[in-house]
Amino acid sequence: MTPFDFGPFLLLSDKDNVLVARANAPEGLTVTLESGPTTLTRAIPMAHKIARRSIAEGDTILKYGMPIGIATAAIAAGEHVHIHNIRSAYTATISLQDADGVSAGVSL
Amino acid sequence: MIDAWLRADGRKGIRNTVVVAYLVECAHFVASEIVHRFRNTPFEGEVQLIGFPGCYPNEYAAQMMEKLCTHPNVGAVLFVSLGCESFDKVRVANAVDASARPVKTLVIQRAGGTRSTVQAGADWITQTLGQIAQGPRAPMGVNELIIGTVCGGSDGTSGISGNPAAGKAFDLLVAEGAACIFEETGELIGCEEIMAERAITPELGQILRESVHKAERYYATLGYGSFAAGNAAGGLSTIEEKSLGAYVKSGDSPISGLIKPGDIPPTGGLYLMDVVPDGEVRFGFPNISDNAEIVEMIASGAHMTLFVTGRGSVVGSAISPVIKICANPDTWRALSEDMDVNAGDIIEGRRSIPEVGQEIRDLVVAVAGGQQTKSEELGHREFILTYKSFEPIGPACLPSAA
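Residues numbered from 1 in each chain as written. Chains lettered and ligands numbered in written order. Predicted model: local features only at pLDDT ≥ 70, side-chain atom pairs only at ≥ 80, totals over all residues. Heavy atoms only, no water.

### Things to note about the overall build of chain B
Here's step 1: When helices and strands are counted, chain B shows 15 helices and 14 strands.
Here's step 2: Its C-alpha atoms give chain B a radius of gyration of 20 Å, near enough to 21 Å, the size a compact globule of 402 residues would have.
Here's step 3: Overall, chain B is about 60 × 45 × 45 Å in size when its C-alpha atoms are taken along their principal axes.
Here's step 4: Residues classed as buried in chain B amount to 61% of the 402 residues present.
Here's step 5: Element-wise, carbon and sulfur atoms account for 52% of the exposed surface of chain B, whose accessible area totals about 14200 Å².
Here's step 6: Separation between the mean location of the 32 positive side-chain charges and that of the 48 negative ones in chain B comes to 5 Å. (Helix = DSSP H or I, 4+ residues; strand = E, 2+ residues; numbered from the N terminus. Rg over C-alpha atoms; globule rule 2.2 N^0.38 Å. Buried < 20%, exposed > 50% of the residue type's maximum accessible area, 1.4 Å probe, protein only. Areas by Shrake-Rupley, 256 points an atom, 1.4 Å probe, with all protein chains shown as cover. Lys, Arg positive; Asp, Glu negative; His and termini not counted. Charge placed at Lys NZ, Arg CZ, Asp CG, Glu CD.)

### Some details on the environment of B:P57
Residues and elements named next belong to chain B.
Here's step 1: For P57, the position within the fold is in the loop between β4 (47-51) and α2 (59-69).
Here's step 2: Sequence spacing of P57 and D88 is 31 residues, and the spatial spacing of their C-alpha atoms is 7.9 Å.
Here's step 3: Aside from chain neighbours lying at most four places away, what touches P57 is S86 and Y387. (Contact = heavy atoms within 4.5 Å.)

### Here we look at the interface of chain A and chain B
One widely used convention gives an interface's size as the accessible area the parts lose upon coming together.
Here's step 1: Each side of the interface is counted separately: chain A has 32 residues, and chain B has 32 residues.
Here's step 2: Both faces considered, chain A and chain B share a buried interface measuring about 2400 Å² in area, 64% of it formed by carbon and sulfur atoms.
Here's step 3: Of all residues in chain A, A:Y64, A:Y90 and A:I94 bury the most surface against chain B, accounting for 27% of the area lost on that side.
Here's step 4: Run the count over chain A and chain B and you get two salt bridges.
Here's step 5: A salt bridge links A:K63 to B:E241; the shortest N-O distance between them is 2.7 Å.
Here's step 6: The interface formed by chain A and chain B contains 13 residue pairs in polar contact (both at pLDDT 80 or more).
Here's step 7: Listing elements by their share of the side of chain A that touches chain B, those giving two or more residues are β7 (66-71) and β9 (86-87) of chain A.
Here's step 8: Looking at the side of chain A that touches chain B element by element, the count peaks at four residues for β7(A).
Here's step 9: Of the residues that constitute the side of chain A that touches chain B, the class distribution is 18 nonpolar, nine polar and five charged. (Buried area = accessible area lost by both parts, 1.4 Å probe. Salt bridge = Lys/Arg side-chain N within 4 Å of Asp/Glu carboxyl O. Polar contact = N/O pair within 3.5 Å; in protein donor to acceptor, adjacent residues only side chain to side chain. Nonpolar A, V, L, I, M, F, W, Y, C, P; charged D, E, K, R; others polar.)

### Some points on the pattern of salt bridges
Between side chains of opposite charge, a pair can form when the charged atoms approach closely.
All names here are of chain B.
Here's step 1: In the structure shown here, the tally under the stated rule is 25 salt bridges over all chains.
Here's step 2: For R333, the salt bridge is made with E348, and the minimal N-O distance between the two is 2.9 Å. With a gap of 15 residues between them, R333 in helix α12 (residues 329-335) and E348 in the loop between α13 (344-347) and α14 (353-368) connect regions that are remote in the sequence.
Here's step 3: Beyond isolated ion pairs, a larger network of salt bridges with shared partners links D330, R333, D345, E348, R350, R351 and E359.

### Considerations on the domain arrangement of chain B
All names here are of chain B.
Here's step 1: The assigned domain composition of chain B is domain 1 (2-138) and domain 2 (142-401).
Here's step 2: Counting residues at the interface gives 29 residues for domain 1, matched by 33 residues for domain 2.
Here's step 3: Together, I2, R15 and Y60 form the three largest contributors to the area buried by domain 1 at its contact with domain 2, with a combined 26%.
Here's step 4: On inspection of domain 1 and its partner domain 2, the count reaches two salt bridges.
Here's step 5: Of the charged contacts in the structure, one is a salt bridge between K12 and E144, with a shortest N-O distance of 2.8 Å.
Here's step 6: On inspection of domain 1 and its partner domain 2, the count reaches 16 residue pairs in polar contact (both at pLDDT 80 or more).
Here's step 7: If you list the elements that add at least two residues to the side of domain 1 that touches domain 2, you get β2 (12-13), β4 and α2. (Domains from an automatic or database assignment.)

### Examining the pairing of strand β9 (residues 179-182) of chain B
All names here are of chain B.
Here's step 1: What you see with β9 is no split at all: A179 and I181 on one side and C180 and F182 on the other are buried throughout.
Here's step 2: Here three bridges tie strand β8 (residues 146-151) to β9, and the two strands are oriented parallel to one another. Of the residues in β9, the one forming a bridge with G148 is I181.
Here's step 3: In the classification by handedness, the crossover that spans β8, the intervening helix α6 (residues 158-175) and the parallel β9 is right-handed.
Here's step 4: Here β9 pairs with strand β11 (residues 269-273) via four bridges, running parallel. Across the sheet, F182 pairs through a bridge with L272, a residue of β11. (Pairing = 2+ DSSP bridges. Right-handed = clockwise from strand over helix to strand, strands pointing away.)

Structure (structure tokens):
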């Protein structure tokens, strides 16, 4: 029996240092990573990523077992991994107000 | 076997459409009024609008228009010209005439203006619809189909459900002898090495690698990757993350060749379409929206396009039907009237990737046999064609044609 409980998160390749949400994960949810239980400090929308383990600034982010970017800050295990803490090795990412996956991206 | 329309060049079509093509933006409204005359008639959907907006000449656009107007899904063509634009209307009409299709060119400046041009166009189409309905039919096998794939409105679900399922459908279709095209080299950035290993010759592998490097340079000059704001909202953080998700829709087959827009795959198999222009950066972004990519695959003979979406695109296309594969289960629930296949089942654990891949393959055959896709039923017939420039492909691009 696996000692980990990734809950709604999916490990796509054993090489990966991120997990992908296959459903919307609420703030406060506890998941058990290799480093132990961790509580989500914000909601993670479906298809967004969290760190599988702690990641140092400058580390390569691996998803599908392949590099998808470079950490621009230290990222704790269980933390949201997205445009605020990783960058492309190729071209900059364009985003709007809704990039956190939670904001509506519409205004009155 | 599929009951297809047999064209004079031996190619077979799965639809029998009349296209109305404006040759400059100044003729767009008149052309669209002609098409609107067939709304709420039995021919709604069979008379479709395409066109080129620019007044300045462009060899790419001229060749694309010829390829599109002689596509096997097209039965007849009406060109609408203002009269003073630079598009060579005689050359394109001659190309259609040589393909043995009914063709007519109306020049607004010589036809008496808006009202009389619309009337003349509608009259010609009414008479032509009856004529092309009598066109010859022939049985068509899956091995004669050309199928394109594109993803648009991608999110983090696209790469784990919709695109792998489309890739599985491609594997099934290639095994049956069909020609399958994937494209958008700007969304293969980061995948060039793994992709090159799948080429059937080392020379082709090098050409595939170079096509992605060209895309990388092109987008770097423009300052943006092929990445929309909604991709980030959907959980994608970088172009290489989007690319890896997009790449899997090519499936696992060996890559038989590299083509450019308008090149017809010479045999069955899997082909990469290089959509990024050659030479210095000119005319702006390679493809300004998803339909520009769909149109290029149609120019290369695609009978149909598999369109994978996560955020939820609702588009269809002129000339060739679009099958929409929804990767995200929440989007499926929100936009199910617009979606043909629910690949979100894979995310929610209800069906496997091979099961959804088989559903897509079976739907391809049904649509080829005449079944309407969701976007066809809703009347979607999007089309866009803009400026580009390409060098012709070399012999090493198509080893199987040698």
